[in-house]
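# A structural walkthrough
The chain contents come next:
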Amino acid sequence: MITFLTNETPAGGYENITADFARTKVQFSTTGLGRCVTIADYESAILASGISGTDDIDMITVATSDEPSTIKIYVDGLSENNANLLMTYLSKKSIAGTNLIYSE
């Protein structure tokens, strides 16, 4: 049995949560205890963030950088404000010693 708890309520109430949105929330919450370790973890966390513009996997790029312990994050078409929100959200999910940069 999976229990799905969140403090976030999408606009319109719970009856408007799509199956894909719920799946990404559950998938991220049940892997790695909500922490980002792998590239897939970061992708799942971005999809589960609920930030406008982060709901399409084809628009998300997560890659390692040439610099050690650095992850590059990019979401095509994301506003500057939402990019800042996303990086703040992800910084709370990252393990210690990992540097995140928002870059193509």
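Source: prediction; values computed, not measured.

## Describing the sheet that holds strand β1 (residues 60-64)
Taken in spatial order, the 3 strands make up an open sheet running β1-β2-β3, and their pairing is mixed. The outermost strands of the open sheet, each flanked by one partner alone, are β1 and β3 (99-102). Taking each pair of neighbouring strands and ignoring which way they run, the sheet shows an average axis angle of 20°. Examined bridge by bridge, strand β2 (residues 70-75) and β3 share 4 bridges and lie parallel to one another. Within β3, the position partnered with K72 by the bridge is I101. Across the sheet, helix α2 (residues 39-48) touches β1, β2 and β3, and the angle it forms with β1 is around 150°. Packed onto the sheet, helix α3 (residues 80-93) meets β2 and β3 and runs at close to 165° relative to β3.

Procedures and definitions
- Residues numbered from 1 in each chain as written.
- Predicted model: local features only at pLDDT ≥ 70, side-chain atom pairs only at ≥ 80, totals over all residues.
- Heavy atoms only, no water.
- Pairing = 2+ DSSP bridges.
- Helix = DSSP H or I, 4+ residues; strand = E, 2+ residues; numbered from the N terminus.
- Axes fitted to C-alpha atoms, helices over the stretch in contact; angles between N-to-C directions.
- Contact = heavy atoms within 4.5 Å.

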